[in-house]
Amino acid sequence: MDRTDDTGTAHSTATETGPATGTGPATATGPATATGPAEGAVLAAIRRHAVAILPDLRPADIVPERTLAELGLNSVDRSEVVTNVMDDLDVYVPITEFRQAMPVGDLVGLFERHR
């Protein structure tokens, strides 16, 4: 929506919408996520390594609610993603803290707790 000020200059009053990032309120395009800048880096690393292993996988498909197994990564693939992400982030997470069907969002939180 545009409005005109006293000088005749038009100003847009509409706000831009885009994917929710967790850094502000939810927009009409979707709910806000609980990821901030640090979590975003962890999610980006997970996406990068998962796609490197499964090239047909789209980064946008790797969302907090889904597990890597649901996305088609087998146990060896998942282990490789986890190991590579730990190397990237220079973090160590004990193997006992990983669950079999851990959603990506929980995986992000786990890495964050050990950063």
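Colleague: Break down the overall build of the protein for me, with residues and values.
Modeller: Counting secondary structure elements, the protein contains three helices and two strands. Along its sequence from the N terminus, the protein presents helices and strands in the succession β-β-α-α-α. Across the 115 residues of the protein, 28% fall into the buried class. Restricting to contacts in the protein with at least 6 residues of sequence separation, those with at least 24 account for 40%. Total accessible area on the protein stands at roughly 7300 Å², and carbon and sulfur atoms take up 53% of it.

Colleague: Just give me the short version of the layout of surface pockets, but keep the residues and values in it.
Modeller: Approximately 290 Å³ is the volume attributed to the second largest pocket. In terms of lining residues, the second largest pocket is bounded by 15 residues, among which Arg78, Ser79, Val82, Phe98 and Arg99 are the most central. The biggest single contributor to the lining of the second largest pocket is helix α2 (residues 75-89), with six residues. Looking at the lining of the second largest pocket residue by residue, the classes come out as eight nonpolar, five polar and two charged.

Colleague: An account of the side chain of His49 is needed here, citing residue identities and associated values.
Modeller: Inspection of the secondary structure assignment puts His49 in helix α1 (residues 37-53). Note on His49: relative accessible area 14%, which makes it buried. Once residues within four sequence positions are removed from consideration, His49 is found in contact with Val81, Asn84, Val85 and Asp88.

What counts and how
- Residues numbered from 1 in each chain as written.
- Predicted model: local features only at pLDDT ≥ 70, side-chain atom pairs only at ≥ 80, totals over all residues.
- Heavy atoms only, no water.
- Helix = DSSP H or I, 4+ residues; strand = E, 2+ residues; numbered from the N terminus.
- Buried < 20%, exposed > 50% of the residue type's maximum accessible area, 1.4 Å probe, protein only.
- Contact = heavy atoms within 4.5 Å.
- Areas by Shrake-Rupley, 256 points an atom, 1.4 Å probe, with all protein chains shown as cover.
- 1 Å grid on protein atoms, 1.4 Å probe; cavity = no way out; pocket = protein on both sides within 12 Å on 5 of 7 lines; lining within 4 Å.
- Points joined across faces, edges and corners; volume = space filled by probe spheres on them.
- Nonpolar A, V, L, I, M, F, W, Y, C, P; charged D, E, K, R; others polar.

Taken by themselves, the reported measurements are silent on function.
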